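# Descriptive analysis of the structure
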Amino acid sequence: MPRKNNTTGEQNPTPDPTNGQPRNYQYLHDNSEMEEALDVHPSTHTAATSSFEQDNEQHVAGKRDVEMYIRTYNTLLRSSGEISLKALVQAHYNIDSSLHPEARSPYPDMSAFIYSVLRLPAAIINCNLVLLGQAEEVFVQQGFHVDNWEAVTASARRRKWFYDGKETLAVYVASVSDTDDIVPILVAFQIEWNKIYYLLNADPTTMQLLETRMDRTSPVFAEITKVLRERLHIHLDDWRRLEVIWGDHLWENLHKIGRQRKSFLLRFLGGSHVGYVRATRQWWSPVENLLDTLALQDRPVYFVSSNTHSLLNLMSGSLLNREDELTKFALSGEDPYLADECRKLQEGTVPGNWQNFLYFVAREWIRTPAGKEFARNRFREEQERGIWYVGARHGLEIDAQIFELSKLHQTEIDPRCRMPDMDYLARSQAIILNIDYPLGMAAYRMMREIMENLTNVRGIYILGKAATLNGSIGDVMISNVVLDEHSQNTYWLDNCFVAQDVQPYLIYGSVLDNQKAVSGQGTYLQNRQYYDFYYLANYTVIEMESGPYLNAVYEDQYLTRYPVGENINFARLPYDLGILHYASDTPYTRGKNLGAGSLSYFGMDSTYANSVAILRRIFENEINVVQRQTTRQLETVEEQKAVTEVS
């Protein structure tokens, strides 16, 4: 990608108010930590200045910088020992990530910091070493018995993490996409940690304020909090979000940050292509065992990649059957927001879907005694309706669900999914296999494994989150062209969905069909020039799974492994193919990224609108299949009668 001079100054969005020197320059100088501050103030001290930065002080990052970043950490991770993330800080700066626009600023980029915090376990605060491996046996072979460690999770990223209780985290990686995700997140977290560290130590009294113990309702405490927040240059909204995320540990965590700089060590334990294949096979094994046990192995399959709540809620009826309990809980006032929204919906003063609201209320109700009792009996109740759940037990943190269409209670299905002739579903032999959508290239490996073992596929439907370059958060995008950055293949699709399939069920957003999508390599590995490059070619959807899924579909249809850099026409496939994305990120709007907020209740609008469209498509297809089968059977019977009468 060609480089160009930056005449707008956008690549330095935060001017330094201290005339070119960081606010804590004197502190750093007095403590002889100038070299150690490389990952805090690159504009002032640079230990590894690249040639293009010498030639062009206002360098604009492009695709080449991202490729160099990826190549740098991949080559470093080949080492059998531990590597320091300090070696990656300059490469991280050079890509000018859209998720980390203030990386070079001396002040915290709280959007990037919070984004990283949400995608790392809370134990990361205590850790200095992160181990990456493909399976439990890999860790054990290297002397790390992670099966005896504490299993920990991150709130915004499904991945298996284990904490040794001291300073080490271990994480399972399911594909190269996990590496492309984990490494930049850790580097960004380290950069922002060290900014906060220096600001906390720029004035000796700041750490003393953190050690203050007093009633949090006291006006004095509020004033101390204000002083602390201003010294750290953290906006009030960001401070409140940290309070929500860290809760009572906020001051404790800041105190830990102030005690020492963060310098992560990273080690990859024996990664290999075969290791990824083996990990995927281990994931599939319990799913296959359940299918064998239920004698469903040879049934027709509709495959869905979405989440583990929307299809379940739409088909099981287990929550809609408790409408009165959920409504009573919402109106109880335990959560003022729920009570207010419930009354507005009942009075018709706000737009919204009642079923979506009940599903949202259930997330809070499930913590009550009645909700906990429901949770204990839920699996049994759902199994009576032919709904089976397979939790992830191995390296891939991807749960699976199996739905037997013939056993669904049709009167309990969400009203939006009901349609004429649904009684035909009672004669259906088909199942739905739904998996909690995987990240990046893991989608390719899982689709390959599924297609190797299930040969009677009637439909493939992919639902996921994406960034939109021309829409708003909550909009739905339907693409008929997908460019996969992993293989550089461009797929031309006959997407089975159009805008009218989703729009009737979407209240707050718009549906944009006939879009072009890019399956990128990682969220941090994208910058402004990256977006500009694709936007000029009319690619408006940036996501991570469609391309890898389509690479697997290619191998299901052709004799060779998926190619590289080709245009591939998928206009005629032997099964239904549908791809839907909802916008969770608008990267052209500065600050509006995945770290700047969440979709919350309103995000359910687009999630369920897409899920309803998928289910209606499956039901319609299967009803047509059963009707044709029934017609053929009747015709056969009539022919036999005619033959009998003649004879």
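About the cut-offs
- Residues numbered from 1 in each chain as written.
- Predicted model: local features only at pLDDT ≥ 70, side-chain atom pairs only at ≥ 80, totals over all residues.
- Heavy atoms only, no water.
- Helix = DSSP H or I, 4+ residues; strand = E, 2+ residues; numbered from the N terminus.
- Buried < 20%, exposed > 50% of the residue type's maximum accessible area, 1.4 Å probe, protein only.
- Contact = heavy atoms within 4.5 Å.
- Pairing = 2+ DSSP bridges.
- Phe/Tyr/Trp six-rings, centres within 6.5 Å; stacked < 30°, edge-to-face > 60°.
- Lys NZ or Arg CZ within 6 Å of the ring centre and 35° of its normal.
- 1 Å grid on protein atoms, 1.4 Å probe; cavity = no way out; pocket = protein on both sides within 12 Å on 5 of 7 lines; lining within 4 Å.
- Points joined across faces, edges and corners; volume = space filled by probe spheres on them.
- Nonpolar A, V, L, I, M, F, W, Y, C, P; charged D, E, K, R; others polar.
- Polar contact = N/O pair within 3.5 Å; in protein donor to acceptor, adjacent residues only side chain to side chain.
- Salt bridge = Lys/Arg side-chain N within 4 Å of Asp/Glu carboxyl O.
- Expected span 1.5 Å × (residues − 1).
- Arc of directions from axis to C-beta.
- pLDDT = per-residue confidence, 0-100.
- Axes fitted to C-alpha atoms, helices over the stretch in contact; angles between N-to-C directions.
- Parallel < 35°, antiparallel > 145°, perpendicular 65-115°, else oblique.

So, about the overall build of the chain. Helix and strand content of the chain: 22 helices and 17 strands. A total of 647 residues make up the chain; the buried ones form 57% of that total. Taking as baseline every contact in the chain between residues at least 6 positions apart, the subset at least 24 positions apart corresponds to 78%.

Another point: the pairing of strand β6 (residues 265–268). Relative to β6, strand β1 (residues 83–84) runs antiparallel, the two being bridged by two bridges. Bridge pairing in β6 places Ser84 opposite Leu265.

Here a ring pair, both rings aromatic, is described through the centre-centre distance and the interplanar angle of the planes. Following the criterion strictly, the structure yields 25 aromatic pairs and no others. When the ring of Tyr69 is compared with that of Tyr73, the centres are 5.4 Å apart and the planes differ by 85°; the resulting orientation is edge-to-face. One end of the pair is Tyr69 and the other is Tyr73, both in helix α3 (residues 63–76) and four residues apart, which spans about a single turn. Relative to Tyr608, the ring of Tyr359 has its centre 4.9 Å away and its plane inclined at 25°; by these criteria the two rings are stacked. Of this pair, Tyr359 sits in helix α16 (residues 354–365) while Tyr608 sits in helix α22 (residues 600–646), and the two are 249 residues apart along the sequence. Residue Tyr359 shares its accessibility class with Tyr608, and that shared class is buried. Taken together through their ring pairs, the aromatic side chains of Phe113, Phe189, Trp193, Trp246 and Phe264 make up a single cluster. Seen from the ring of Trp193, Lys262 lies directly overhead, with NZ or CZ sitting 4.2 Å from the centre. Here Lys516 stacks its cationic end above the ring of Tyr539, 4.3 Å away from the centre of that ring.

Strands pair in a sheet through their backbones, by hydrogen bonds, and they do so in one of two ways: parallel or antiparallel. The mixed open sheet is built from six strands, whose spatial order is β1-β6-β2-β5-β4-β3. Taken across any chain shown, the strands that pair with only one partner, and hence form the sheet edges, are β1 and β3 (150–154).

This part covers empty space enclosed by the protein. Within the structure shown, the criterion is met by four cavities of 30 Å³ or more. The computed volume of the second largest cavity comes to approximately 50 Å³. Around the second largest cavity, the lining residues are Lys63, Val66, Glu67, Ile70, Glu485, Gln521, Leu525 and Tyr530. It is α3 that contributes the most residues to the lining of the second largest cavity, four residues altogether. Taken together, the residues that form the lining of the second largest cavity break down as four nonpolar, one polar and three charged.

The next subject is the side chain of Glu485. Inspection of the secondary structure assignment puts Glu485 in the loop between β12 (476–484) and β13 (489–493). Its relative accessible area of 7% is what places Glu485 among the buried residues. There is a polar contact of 3.3 Å between the side chain of Glu485 and the side chain of Lys63. Excluding residues that lie within four positions of it along the chain, Glu485 makes contacts with Lys63, Val518, Ser519, Gly520, Gln521, Tyr530 and Tyr534.

Within this structure, the stated rule accounts for 28 salt bridges. Between Asp181 and Arg157 there is a salt bridge, with its nearest N and O atoms 2.9 Å apart. Placement of Asp181 in helix α7 (residues 176–202) and of Arg157 in strand β4 (residues 157–163) is noted, with a sequence separation of 24 residues between them. One exposure class covers both Asp181 and Arg157, and it is buried. Residues Arg380 and Glu384 are paired through a salt bridge, measuring 3.4 Å at the closest nitrogen-oxygen approach. One network of salt bridges, in which partners are shared, links Arg281, Arg448, Glu449, Glu452 and Glu555.

The phi angle at His233 is positive, at roughly 55°, despite the residue not being glycine. Counting through the fold element by element, His233 comes out in the loop between α9 (219–231) and α10 (236–246). His233 gets classed as partly exposed once you look at its relative accessible area, which sits at 30%. Not every positive phi belongs to a glycine, and Asn538 is a case in point at roughly 70°. The topology assignment puts Asn538 in the loop between α20 (528–536) and β15 (541–543). Looking at Asn538, the relative accessible area reads 53%, which means it is exposed.

This part is about the environment of Phe329. With respect to the element layout, Phe329 can be found in helix α14 (residues 323–331). You can call Phe329 buried: its relative accessible area is 12%. Considering only alpha carbons, one finds Phe329 and Thr368, 39 residues apart in sequence, at a separation of 9.3 Å. Discounting chain neighbours no more than four positions away, the residues touching Phe329 are Glu334, Leu338, Val361, Glu364, Trp365 and Thr368.

Turning to α9, a few remarks are in order. With 13 residues, α9 should reach 18 Å at 1.5 Å per residue; the first-to-last C-alpha distance of 19 Å fits that figure. Buried within α9 are the following residues: Phe221, Ile224, Thr225, Leu228 and Arg229. Viewed end-on, α9 has its buried residues packed into an arc of 135°, placing them on one side of the element. As for α9, its buried residues are in contact with α7, α8 (204–210), α10 and α11 (250–259).

Here we come to helix α5 (residues 110–118). The element α5 is extensively covered by neighbouring structure, given that eight of its nine residues are classed as buried. Those residues of α5 lying buried are Met110, Ser111, Ala112, Phe113, Ile114, Tyr115, Ser116 and Val117.

Attention now goes to the environment of Gly578. Looking at the secondary structure, you find Gly578 in strand β17 (residues 576–585). For the pair Gly578 and Tyr461, spaced 117 residues apart in sequence, the C-alpha separation works out to 4.7 Å. If near-sequence neighbours (up to four positions away) are discounted, Gly578 is found in contact with Ile460, Tyr461, Ile462, Asn495, Cys496 and Phe497.

Across the chain, pLDDT averages 87, with 88% of residues at or above 70. Here residues 1–57 is a poorly scored stretch, pLDDT under 50, and it has 101 contacts once near neighbours within four places are set aside; other chains count. Within the model, pLDDT remains below 50 along residues 591–599, and this stretch shows 27 contacts once partners closer than five positions in the same chain are excluded.

Bringing the pairing of strand β10 (residues 431–436) into the picture now. In terms of burial, β10 is a largely internal element, six of the six residues being buried. Residues of β10 alternate between two faces, with Ile431, Leu433 and Ile435 on one and Ile432, Asn434 and Asp436 on the opposite face, all of them buried. Here six bridges tie strand β7 (residues 301–306) to β10, and the two strands are oriented parallel to one another. The partner of Val301 across the bridge, within β10, is Ile431.

Right, let's get into the packing of α7 against α11. Two numbers describe a pair of packed helices, the interaxial angle and the distance between the axes. Packing of α7 against α11 brings their axes to within 8 Å, and their N-to-C directions diverge by 85°. Looking at the two axes, α7 sits roughly perpendicular to α11. Facing α7, whose interface residues are Trp193, Ile196, Tyr197, Leu200 and Asn201, α11 presents Leu254, Lys256, Ile257, Gly258 and Arg259.

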